[in-house]
Number of protein chains: 2
Amino acid sequence: MRSLGTCRHALLWVAVGLSLACARLALAPADPLPSWNSGPVKASIMDFVRRVTMAGGAEFVPPTARIAIFDNDGTLWSEQPIYFQFAFALDRVRALAPKHPEWKTRQPFKAVLDGDLKTLAASGEKGLVELLIATHTGMTTDEFAQTVVEWLATARHPRFQRPYTDLVYQPMLELLAYLRGNGFKTYIVSGGTVEFMRVWTERSYGIPPEQVVGTTFVTQFQTRKDGRPALMRQPKLEFLNDGPGKPVAINKFVGRRPILAFGNSDGDHQMLQWTAAGGGPRFMGLVHHTDGDREWAYDRTSHIGRLDKALDEALAKGWTVVDMKRDWKVIYPFQR
Amino acid sequence: MRSLGTCRHALLWVAVGLSLACARLALAPADPLPSWNSGPVKASIMDFVRRVTMAGGAEFVPPTARIAIFDNDGTLWSEQPIYFQFAFALDRVRALAPKHPEWKTRQPFKAVLDGDLKTLAASGEKGLVELLIATHTGMTTDEFAQTVVEWLATARHPRFQRPYTDLVYQPMLELLAYLRGNGFKTYIVSGGTVEFMRVWTERSYGIPPEQVVGTTFVTQFQTRKDGRPALMRQPKLEFLNDGPGKPVAINKFVGRRPILAFGNSDGDHQMLQWTAAGGGPRFMGLVHHTDGDREWAYDRTSHIGRLDKALDEALAKGWTVVDMKRDWKVIYPFQR
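Residues numbered from 1 in each chain as written. Chains lettered and ligands numbered in written order. Predicted model: local features only at pLDDT ≥ 70, side-chain atom pairs only at ≥ 80, totals over all residues. Heavy atoms only, no water.

A closer look at the sheet that holds strand 3 (residues 212–223) of chain A
At step 1: Spatially, 4-3-2-1-5-6-7 (chain A) is the arrangement adopted by the seven strands of the open sheet, whose pairing is mixed. This sheet does not close on itself; its edge strands, each paired only once, are strand 4 (229–239) and strand 7 (320–323) of chain A. Taking the axes of each pair of neighbouring strands and ignoring which way they run, one obtains an average angle of 30 degrees across the sheet.
At step 2: Of the pairings in the sheet, the one linking strand 1 (residues 67–70) of chain A to strand 2 (residues 185–193) of chain A comprises four bridges and is parallel in character. Within strand 2 of chain A, the position partnered with Ala68 of chain A by the bridge is Thr186 of chain A.
At step 3: The sheet contacts of helix 12 (residues 269–276) of chain B involve strand 3 and strand 4 of chain A, and relative to strand 4 of chain A the element is tilted by about 115 degrees. (Pairing = 2+ DSSP bridges. Helix = DSSP H or I, 4+ residues; strand = E, 2+ residues; numbered from the N terminus. Axes fitted to C-alpha atoms, helices over the stretch in contact; angles between N-to-C directions. Contact = heavy atoms within 4.5 Å.)

Overview of the sheet that holds strand 7 (residues 320–323) of chain B
Residue and element names in this part refer to chain B.
At step 1: Strand order in the open sheet formed by seven strands is 4-3-2-1-5-6-7, and the pairing between neighbours is mixed. Where the open sheet ends on each side, the last strands, each with one partner, are strand 4 (229–239) and strand 7. Pairwise comparison of adjacent strand axes, ignoring direction, gives a mean angle of 30 degrees for this sheet.

Quick word on unusual backbone geometry
At step 1: For the bond from Gln107 of chain A to Pro108 of chain A, the omega torsion is 0 degrees, close enough to zero to count as cis.
At step 2: As for its position among the elements, Pro108 of chain A is in the loop between helix 3 (84–96) and helix 4 (109–114).
At step 3: Omega for the bond connecting Gln80 of chain B with Pro81 of chain B falls within 30 degrees of zero, at -5 degrees, which places this linkage in the cis form.
At step 4: Tracing the chain through its elements places Pro81 of chain B in the loop between strand 1 (67–70) and helix 3 (84–96).
At step 5: In this model, Gln161 of chain A sits at a positive phi of 50 degrees, which is unusual for a non-glycine residue.
At step 6: Judged by relative accessible area, Gln161 of chain A falls into the exposed class, the value being 54%. (Buried < 20%, exposed > 50% of the residue type's maximum accessible area, 1.4 Å probe, protein only.)

Details of the pattern of salt bridges
Residue and element names in this part refer to chain A.
At step 1: Enumeration over the complete set of coordinates arrives at 44 salt bridges over all chains.
At step 2: The residue Asp71 makes a salt bridge to Lys246 at a minimum N-O spacing of 2.9 Å. With Asp71 in the loop between strand 1 and helix 3 and Lys246 in helix 11 (residues 245–253), this residue pair connects regions lying 175 residues apart in the sequence. Here Asp71 matches Lys246 in class, with each residue buried.
At step 3: Salt bridges linked by common partners bring Asp47, Arg50, Arg51 and Glu59 together as one network. (Salt bridge = Lys/Arg side-chain N within 4 Å of Asp/Glu carboxyl O.)

What about helix 6 (residues 124–136) of chain B?
All names here are of chain B.
At step 1: Spanning 13 residues, helix 6 covers 18 Å between terminal C-alpha atoms, matching the ideal 18 Å at 1.5 Å per step.
At step 2: Among the residues of helix 6, those classed as buried are Gly127, Leu131, Leu132, Thr135 and His136. Projected onto a plane normal to the axis of helix 6, the buried residues spread over an arc of 140 degrees and lie on a single side. (Expected span 1.5 Å × (residues − 1). Arc of directions from axis to C-beta.)

Considering empty space enclosed by the protein
At step 1: Counting across every chain of the model gives five cavities of 30 Å³ or more.
At step 2: Considering only enclosed or pocket space, the largest cavity measures out at about 120 Å³ in volume.
At step 3: Lining of the largest cavity is provided by 14 residues; of these, Val194, Glu195, Thr216, Phe217 and Thr219 of chain B occupy positions nearest its centre.
At step 4: Among the secondary structure elements, those contributing two or more residues to the lining of the largest cavity are helix 11 of chain A together with helix 9 (194–197), strand 3 (212–223) and strand 4 of chain B. (1 Å grid on protein atoms, 1.4 Å probe; cavity = no way out; pocket = protein on both sides within 12 Å on 5 of 7 lines; lining within 4 Å. Points joined across faces, edges and corners; volume = space filled by probe spheres on them.)

Thoughts on the packing of aromatic side chains
At step 1: Summed over the entire model, instances satisfying the criterion amount to 42 aromatic pairs over all chains.
At step 2: Look at Phe160 of chain A and Trp296 of chain A: their rings are 6.1 Å apart centre to centre, the planes differ by 80 degrees, and that puts the pair in the edge-to-face class. Of the two residues, Phe160 of chain A is situated in the loop between helix 7 (141–154) and helix 8 (170–181) and Trp296 of chain A in the loop between strand 6 (283–288) and helix 13 (309–317); the sequence distance between them amounts to 136 residues. By the burial criterion, Phe160 of chain A is buried, and Trp296 of chain A matches it.
At step 3: Ring geometry for Phe88 of chain B against Phe196 of chain B: centres 5.2 Å apart, planes inclined by 45 degrees, an arrangement best described as tilted. Of the two residues, Phe88 of chain B is situated in helix 3 and Phe196 of chain B in helix 9; the sequence distance between them amounts to 108 residues.
At step 4: Lying over the aromatic face of Phe334 of chain A, Arg162 of chain A brings its terminal NZ or CZ to 3.9 Å of the ring centre.
At step 5: Across from the ring centre of Phe239 of chain A, 4.6 Å away, lies the NZ or CZ of Lys252 of chain A, which sits over that ring. (Phe/Tyr/Trp six-rings, centres within 6.5 Å; stacked < 30°, edge-to-face > 60°. Lys NZ or Arg CZ within 6 Å of the ring centre and 35° of its normal.)

What follows is the structure in structure tokens.
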């Protein structure tokens, strides 16, 4: 053992010496957030990460407690002119219509098939849930995932004529990677249904299925005729992951309070309050949609992604508010 | 940049040369499962890990898909003479009794206070849920966690006169560490309530809160009088994580099918079936309690941890069945 130890010792010192020599030649570190304009918002992010990762510092947080939570719609990708998952549901209604002749006369299906958005909007939350149940349940979990895969491959966003997954925010991709590079575990906590997201979040955001939390339908374990087990999606909403549901879901799925949370609407308000109420260093962020040219501009009166009360609290308490127009050099990866 | 590249190159070759020299002096690798006796069970575990981790092999599984699921009671720690969480509930009834004079005459509380185990057992699942609601709800999540911490620090197991967390299985601790060392993500999926476990699983098993799935009570977000938000535990069972509930919960919390699952009772049967039904290499394991001297011996007729149908399927399909008496050198860490 002594000769092994001596040998390792020698290796260590040679490596240290050469590393120091190499370090002197290295360039300054690259900007981890190149799509963020310099200013107080970018500074607040980098300052927070520096403080919680500085070993021996007063605000050091151990890596296991570096939990970062992100809303999805309007925070990591766009949500206009309609939530992208709603576009999926409408396309599924059209695809399934031949098997459902009764939809020609039954609302809200008739409105979808007629392209009658006014009647569709008037059907409200009840109509929305009916559409979700008709398009998101009644099949196995594997079958549902397959329909999402196929839709993403073919559907195009009406304004940009690109796959919906192209409309993720480049600055937020950089932020996710920057946080993970600093030992954070990144989660999505979204009002969207969880199995719609899990199909693509790993490839698009680097966030694996087990770190995606969302709205759920009841699922049931069944043994099929061939003896194989399956999970069947039942026509019953189980948990709506929005507003006060978000801190509840964070507690249920993550089991500890995040130290960083990012949202964009009043649906994220309680999640931000829950994050803010913990001890030690905290980061609460909001994406404010201020760029009608490159993306969309909306806040207090929007039907989608309304940002009103959470904005008031953010401004009053000094949470970080990203002004998309001012703070982001580009919006989408394809614009680089 | 050229001098930096050249320097790094030199460093690399020096390091490689010294590493090879050191490797020649190294001893054979240590046994990762020293508390497991040699035999077909230990071989089946190590063979499975070798096959799924061999880069370029036909059965290679990428690290992100190496999901390993473990039941807790009877699989990672003992569950006799009563489930340890049930012992916690009984102790809480005794501690809370002064505030509940009505319990002196009301069942099943009277039976607990009188030490009348026969009447208590006769109260069945309804009585159990009543006890759980009285002792596990009506407080904030933080307050509940604190009662678990305090109980674990003072309660002693009646047979071993040791803290309950001493009664974890040494061979399973080695298995968890071995799997994680080979890129697996280890989860608990237990019939126990999730917030009872999360307090201690990271320290005892190296499994962080976000990888613990269990039975849940409804929780509600509230703003307290001082304006601070809190999560209040409500007197309503939300999800019973047992039997067919386990694959449902795995799908909901993990979002992908495990490649390895370990249980010890019929409550783990569907979880093992769900694991077995996936494609590619699979490992299904059962801990069979066969050691009445060092632990307990029970299976087909036990009220706690009954193992009957799952044992039949395991034997018929060649799943791995651990014979505790034959396969484990020691049971608990304190016996080493």
